[in-house]
Amino acid sequence: MNRSLLKRALGLGVALGALLAGPWAVAAEGIGGAGSSAAAPVFRIWAQEYRKAGGDALEYDPVGSGTGLARIKQRNTDFGAVDVMVPKNELARDGLVMFPTAVSGVVPVVNLRRLGGALKLNGEVLARIFLGEITVWNAAEIAALNPGLALPKDPIRVVCRSDVSGTTHHLADYLSKVSPAWKARFGVVGRPAWPAGFTAVKGSSEVSQAVRNTPGAIGYIDYSYVVEDALTPVQLAAANGRYVAASPVSFRNAVVSSRWFTHGDFSESLTQMPGDGAWPITMGTYAVVPKVAAEPERAVRTLRFFMWAYGHGDALARHAKFAALPEKVQASAFRGLSSVTGRNGEPLGMNALVR
């Protein structure tokens, strides 16, 4: 996000320019965050670079979106990180503010050798695999989508998440849009009642390990893990029927087809967007903080970190294999950050911008 837009978003002029120029004072205590395992790579690189810039140390615990949300509701961490929009009435009830951090995608990955090309799946076939209805790799439904590939006769071994997961939520959201059978049986949930025989593990790292260690496996995971762990991704049929590969470019193609881009509204799902070359399981990641802070100094440190990330983090997000947020969305996020106050009504979001 360019600096002039940041100034317009908050009307802070010179104060914001001084903030982005640094230097950053190191506080006596660091910042704690917990939640999305999918978002862990982007928080890791932001934390490293923020520390180099003189900012506070960040310790991030990738325990999953469900646990991260629970911890921030209980005020057991400085911020929670989730991959799913929390309903406005729930945020209001629990006194929370939510804002987006980056954009990524859920990617089906496989452990298949000597195929002779990239495996292609459409939404219906993928749903039937995760419903436990298609159970061998050379099934007619898969073969019809992959002429010329050497599909093995091996059984399909499905790896899934055992915990409440934002990654699972977005997969389920996508499958509910393309498969009436999935929608009727599971719908949009963060932890389905998976069929018997599936390998259920906790967190993205364990999904990656299980897929790599299991010949014939298929799982689903955030794109950054696909790159870091050299996993084998599947190509998916986009909303227009053309096959597309997961990448920050195809995630951005989804974003520019959405209200995120046209209206600065980050409340809608990014799955199955109609744009050309749009990855069909694109997802946003979000941070959640208390609207009224019990410990103002800790809240200011946390808000300052996110304001720094919005000012410097686009290139870093791309380095972590995430797509950067559209500028309109960043402006909306800054308005949310600036609404955070202390118990006496003092504007902590604004205080984070000045010494």
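The sections below set out a description of the structure shown in this document. (Residues numbered from 1 in each chain as written. Predicted model: local features only at pLDDT ≥ 70, side-chain atom pairs only at ≥ 80, totals over all residues. Heavy atoms only, no water.)

This paragraph deals with the pattern of salt bridges. Under the criterion given, the structure shown has 14 salt bridges. Notably, a salt bridge pairs glutamate 90 with lysine 73, separated by 2.4 Å at the nearest N-O pair. Taken together, the positions of glutamate 90 in helix H5 (residues 88-94) and lysine 73 in helix H4 (residues 65-73) put the pair 17 residues apart, joining distant regions of the chain. The class for lysine 73 is partly exposed, based on a relative accessible area of 27%. In this structure, arginine 259 and aspartate 265 form a salt bridge, with 3.2 Å as the shortest nitrogen-oxygen distance. Classification of arginine 259 by relative accessible area gives partly exposed; the value is 35%. (Salt bridge = Lys/Arg side-chain N within 4 Å of Asp/Glu carboxyl O. Helix = DSSP H or I, 4+ residues; strand = E, 2+ residues; numbered from the N terminus. Buried < 20%, exposed > 50% of the residue type's maximum accessible area, 1.4 Å probe, protein only.)

On to unusual backbone geometry, then. At arginine 75, a residue that is not glycine, the phi angle is positive and equals roughly 60°. Within the secondary structure, arginine 75 sits in the loop between H4 and strand E3 (79-82). With phi around 55°, alanine 230 is a residue other than glycine that occupies positive phi space. When you line up the elements, alanine 230 lands in the loop between helix H11 (223-228) and strand E9 (232-233). Assessed through its relative accessible area of 66%, alanine 230 is described here as exposed.

All right, on to the pairing of strand E12 (residues 282-290) then. Among the nine residues in E12, nine count as buried, and that is most of the element. Here E3 pairs with E12 via three bridges, running antiparallel. Following the sheet pairing, alanine 81 is matched in E12 by alanine 287. Summarising the sheet, strand E4 (residues 96-110) and E12 pair through nine bridges and their orientation is antiparallel. Residue pairing in the sheet places proline 100 in a bridge with tyrosine 286 of E12. (Pairing = 2+ DSSP bridges.)

On any regular strand, side chains alternate: one points to one face of the sheet, the next to the other face. Of all five residues in strand E6 (residues 157-161), four are buried, a share of seventy percent or more. Relative to strand E8 (residues 217-222), E6 runs parallel, the two being bridged by two bridges. Each bridged residue has a counterpart across the sheet, and for arginine 157 the counterpart in E8 is alanine 217. As judged from the three bridges shared by E6 and strand E7 (residues 199-201), these two strands associate in the parallel manner. Residue pairing across strands places cysteine 160 opposite alanine 200, the latter belonging to E7.

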